[in-house]
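Tertiary structure, described
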Amino acid sequence: MNRRYRKTIIAGNWKMNKTLSETRAFAEEIKDMLGRPKWCEVVLCVPYVNIPAAVRLFKESRIAIGAENCHYESHGAYTGEVSAEMLKELGVKYVIIGHSERRQYYNETDFTVNKKVHAALEAGLHPIVCVGESLEQRELGVTMELIAYQVKAALAGVPADKMRHVVIAYEPIWAIGTGKTATAEQAAEVCESIRVVIRKLYGARVARAVTIQYGGSMNAKNAAELLAQPDIDGGLIGGASLKPADFTSIVNDANQE
Ligand code: PEP
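Conventions we followed
- Sequence positions are assigned chain by chain, starting from 1 and proceeding in written order.
- Since the coordinates come from a predicted model, pLDDT governs what is reported: local features require at least 70, and pairs of side-chain atoms require 80 or more to be given and counted, while whole-chain, interface and lining totals use all residues.
- Based on all heavy atoms of the structure, the side-chain values leave hydrogens and waters out of the count.
- The criterion for strand pairing is that DSSP finds at least two bridges linking the strands in question.
- Numbering goes from the N terminus for both helices and strands, where a helix is a DSSP run of H or I of at least four residues and a strand is a run of E of at least two.
- What counts as an axis is a line fitted to C-alpha atoms, over the stretch in contact for a helix, and the angles between N-to-C directions run from 0 to 180 degrees.
- Contact definition: two residues touch when any of their heavy atoms are within 4.5 Å.
- Categorising residues by exposure relies on relative accessible area from a 1.4 Å probe, with only protein chains included: less than 20% of the type maximum marks a residue as buried, more than 50% marks it as exposed, and the intermediate range marks it as partly exposed.
- Polar contact is defined as a pair of N or O atoms within 3.5 Å, subject to the rule that within protein one atom must be able to donate a hydrogen and the other to accept it, and that residues adjacent in sequence are counted only when both atoms are side-chain atoms.
- Centres within 6.5 Å make a pair out of two Phe, Tyr or Trp rings, where for Trp the six-membered ring is used; the pair is then stacked when the planes are under 30 degrees apart, edge-to-face when over 60, and tilted otherwise.
- The rule for a charge over a ring is simple: NZ of Lys or CZ of Arg within 6 Å of the ring centre, and within 35 degrees of the ring normal.
- By convention a nonpolar core is built from buried Ala, Val, Leu, Ile, Met, Phe, Trp, Tyr and Cys residues, the set being connected through side-chain atoms within 4.5 Å.
- Any Lys or Arg side-chain nitrogen located within 4 Å of an Asp or Glu carboxyl oxygen qualifies as a salt bridge.
- UniProt positions are given in the numbering used here, feature names are shortened, and annotations may be inferred rather than shown by experiment.

Bringing the sheet that holds strand 4 (residues 94–97) into the picture now. Sheet architecture is closed into a barrel: eight strands sit in the order 1-2-3-4-5-6-7-8, paired in parallel fashion. In this sheet, adjacent strand axes meet at a mean angle of 25° when their direction is disregarded. Bridge analysis of strand 1 (residues 9–13) against strand 8 (residues 234–237) gives four bridges, and the strand direction is parallel. Within strand 8, the residue paired with A11 across the bridge is L236. Seen against the sheet, helix 7 (residues 143–155) touches strand 5 (126–131) and strand 6 (167–170) and runs at an angle of roughly 150° to strand 5.

In structure tokens:
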């Protein structure tokens, strides 16, 4: 983390978990545990149907609400889809774009990721743009090239003045939901390389200010070490964000002065 130049952000990704009543129970449980973190922004990205309740329930605890996806058009004949504008009007602040599960199961491509980043920014949302390599790609030794390509493709056409709204999440696919975490060195190396790519695209000032998260089995035990790396400015957290005590513990690690 480097708070001098950029925000630390801990974001939970609930995926397809928690009904409305479970969302209420989580809010009740975490309210007293979490307090009001001063040094980091806390976000919960929840299923679409829980967004209105989550915005209301978490207002008091100052947790910002995010969505897990959005469509790239503002409206139209796209049955079952939800636009960034619709999310904005509900009080959503962040939206995850290009999560590897969406790339893997729903044909999300670098091209649609880029269109969604533009749509999110246009609507006034903060996109959390996910990039990451598979185990095969890591073993082939192409991680850095692949991540650089994904970052460049996602940000194509995004002007420098919009970059302060963009968050990048480095999520090695082999570490998501597997209990296998990248070592702090592996995560730090890739996060640093992402900042180098952004520096080449936008210059040092923009690169210094961009929040880069790590995601992939981050939990109460390993968060402190990962967050101690200078280019890791927070976490995108799946499994551990479903448990109030674990999520609070990670936020506390990120909230050290
Ligand atoms: C994620 O869903 O983005 C994620 C990192 O999941 P997990 O923490 O469960 O690996």
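So much for the structure itself; the text now carries on.
Assignment of secondary structure puts N17 in the loop between strand 1 and helix 1 (20–34). By relative accessible area, N17 is classed as partly exposed at 32%. Along the backbone, N17 and G239 are 222 residues apart, and their C-alpha atoms lie at a distance of 9.7 Å. Every residue in contact with N17, bar those within four places of it in the chain, is listed here: P47 and L242. At 2.9 Å, the side chain of N17 forms a polar contact with the backbone oxygen of W14.

Glancing now at the packing of aromatic side chains. According to the stated counting rule, one finds four aromatic pairs in the structure shown. Seen in terms of ring centroids, F26 and F58 are 6.2 Å apart; in terms of plane orientation they differ by 70°. Their pairing is edge-to-face. Residue F26 is found in helix 1, and its partner F58 is found in the loop between helix 2 (51–57) and strand 3 (64–67); the two are separated by 32 residues along the sequence. Take F26 and F58: they sit in the same class, and that class is buried. Seen in terms of ring centroids, Y105 and Y106 are 6.4 Å apart; in terms of plane orientation they differ by 80°. Their pairing is edge-to-face. For the pair shown, Y105 and Y106 are each scored as exposed. Connected via pairs of aromatic rings, a cluster forms that spans W14, F26 and F58. The ring of W14 has K18 lying over it, and the distance from NZ or CZ to the ring centre is 5.5 Å.

So, on to the nonpolar core. F58, I168, I194 and I198 are the most contacted members of the largest nonpolar core, which totals 68 residues. If you tally residues by element for this core, the top one is helix 8 (residues 184–202), at eight residues. Once residues within four sequence positions are removed from consideration, F58 is found in contact with W14, T23, F26, A27, I30, L44, I63 and I65. Within the second largest apolar cluster, 12 residues are counted, among which are I9, V43, A64 and L236.

What follows concerns the pattern of salt bridges. Under the defined criterion, the tally for this structure stands at 13 salt bridges. Two residues, R6 and D233, come together in a salt bridge whose shortest N-O distance is 2.8 Å. In this pair, R6 sits in the segment before strand 1 while D233 sits in the loop between helix 10 (223–227) and strand 8, placing the two residues 227 residues apart along the sequence. With respect to class, R6 is no different from D233; both count as buried. For the salt bridge of K116 with E108, the shortest nitrogen-to-oxygen distance reads 3.0 Å. Bridged by salt links that share partners, the residues R6, R195, D231 and D233 form one connected network.

To continue, consider the UniProt feature "active site" (unreviewed entry) in the chain. Residues annotated in UniProt with the feature "active site" (unreviewed entry) correspond here to H99 and E171. On the basis of their most widely separated C-alpha atoms, the annotated residues across 73 residues gather in one place, lying no more than 8.4 Å apart. In this structure, H99 sits in the loop between strand 4 and helix 4 (100–105). Among the residues examined, H99 registers a relative accessible area of 4% and is labelled buried. Contact partners of H99, with chain neighbours within four places excluded, come to N13, K15, C130, E171 and I176. Only 3.4 Å separates the side chain of H99 from the side chain of N13, close enough to count as a polar contact. Overall, the relative accessible area of 5% leaves E171 in the buried class. With residues near it in sequence (within four places) discarded, E171 still touches H99, C130, V131, G132, E133, I176, G215, G216 and L236. A polar contact is formed between the side chain of E171 and the side chain of H99, at a distance of 3.4 Å.

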